[in-house]
Amino acid sequence: MSSSRLFVLIPCAGFGHRAGGVQPKQYQRLAGSSMVAHTVAAFRALAGRFAGLAVVVSPDDREVQTALPRFPADSEFLLRVGGVTRAATVRNGLAALRQKGAGAHDWVLVHDAARCLVTSSQIEALIAACEHDAVGGLLAQRLADTLKASSADSRVTQTLSRADKWLAQTPQMFRIGMLLDALERAGDAVTDEAGAIEAIGLSPLLVPGSAQNFKVTFPEDFALAEAVLLGRRKAIA
Ligand SMILES: Nc1ccn([C@@H]2O[C@H](COP(=O)(O)OP(=O)(O)OP(=O)(O)O)[C@@H](O)[C@H]2O)c(=O)n1
Ligand SMILES: C[C@](O)(CO)[C@H](O)COP(=O)(O)O
């Protein structure tokens, strides 16, 4: 690998309105730890690979210290610069990471706090696929189901080809300088890092992820995520 370093940035400043809980979903407990603690653990398992790991929370966050009791450790940063949108949180976090010494040419892996089932091997696969790429890329999943387009009243208007469709996941890995520049140009409309990179005319690489790397979004997702976490624990016991 070149002399570029790898950083991790975990946006953790959302609320989780679709999840419908009374606290931000990333702080809800699953299998004995907060959701974000599971997410951080997957990256800590590869700690030697990363020059720094940052978790970005809202400026008024009062729960992160309980959710992540031993954070930040060495080379870890708690950044209280979360924004109103995910794009703003990532943008502010990257700017703060630059101030802490990350270089424009260094790579960053941006990963949702709410994707707590990501595994170290999935992270390694993304790094291996992207570290020599000119653009960077993201984990993504091919569609398992038939894809329909609809009208406003939920009537099918068309069955779409799924041959060229993927569901975007995270981590998404790009050069810090290029990503920050792209996000600054894109504003708040983009829903992922790849979208900002696409908007400057580049084509991120799609790296096969896993259906288990889903984003906990709706109330029913919590039980499924917990079952997967407990199943993995049983498998290694
Ligand atoms: N202003 C925001 C919004 C989202 N996120 C983070 O981005 C990730 C993915 O976002 P999503 O699942 O959409 O989370 P929420 O915005 O919290 O969910 P909702 O849209 O249901 O409120 C989560 O880890 C979330 O904490 C963030 O850091 N800052
Ligand atoms: C970044 C992401 O997880 C990729 O699928 C997704 O775009 C976040 O989407 P949301 O609309 O903020 O839930």
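Residues numbered from 1 in each chain as written. Chains lettered and ligands numbered in written order. Predicted model: local features only at pLDDT ≥ 70, side-chain atom pairs only at ≥ 80, totals over all residues.

The secondary structure content of the protein amounts to seven helices and eleven strands. Taking 18 Å as the expected radius of gyration for a compact globule of 237 residues, we find that the protein reaches 18 Å, a close match to that expectation. Here the protein holds 237 residues, and 40% of them are scored as buried. Across the protein, the fraction of contacts at a sequence separation of at least 24, relative to all contacts at a separation of at least 6, is 71%. (Helix = DSSP H or I, 4+ residues; strand = E, 2+ residues; numbered from the N terminus. Rg over C-alpha atoms; globule rule 2.2 N^0.38 Å. Buried ≥ 20, exposed ≤ 12 C-beta atoms within 10 Å, placed from the backbone. Contact = placed C-beta atoms within 7 Å.)

A few words now on the UniProt feature "site: Positions MEP for the nucleophilic attack" (unreviewed entry) in the protein. In this structure's numbering, the residues bearing the UniProt feature "site: Positions MEP for the nucleophilic attack" (unreviewed entry) are R162 and K215. Structurally, the position occupied by R162 is in the loop between β9 (156-160) and β10 (166-175). Beyond its immediate stretch of four places on either side in the chain, R162 contacts L143 and L147. Structurally, the position occupied by K215 is in the loop between β11 (205-208) and α7 (221-236). (UniProt positions renumbered as here; feature names shortened; annotations may be inferred.)

Turning next to the packing of helix α3 (residues 86-99) against helix α5 (residues 176-186). Each packed pair of helices is defined by two parameters, the angle between the axes and the distance between the axes. Two elements in contact, α3 and α5, have axes whose closest approach is 10 Å; the angle formed by their N-to-C orientations is 140 degrees. It follows from the interaxial angle that α3 and α5 lie oblique. Of the two elements, α3 crosses α5, and the hand of that crossing is left-handed. Here A87, V90, R91, L94, A95, L97 and R98 of α3 come into contact with α5, specifically with I176, L179, L180, L183, E184 and A186. (Axes fitted to C-alpha atoms, helices over the stretch in contact; angles between N-to-C directions. Parallel < 35°, antiparallel > 145°, perpendicular 65-115°, else oblique. Left-handed = near helix turned anticlockwise from the far one by under 90°.)

As a further point, take the UniProt feature "site: Transition state stabilizer" (unreviewed entry) in the protein. According to UniProt, the positions carrying the feature "site: Transition state stabilizer" (unreviewed entry) are R18 and K25. Here R18 is to be found in the loop between β1 (6-11) and β2 (29-30). Not counting residues up to four positions away in its chain, the partners in contact with R18 are T217 and F218. Mapped onto the elements, K25 comes out in the loop between β1 and β2.

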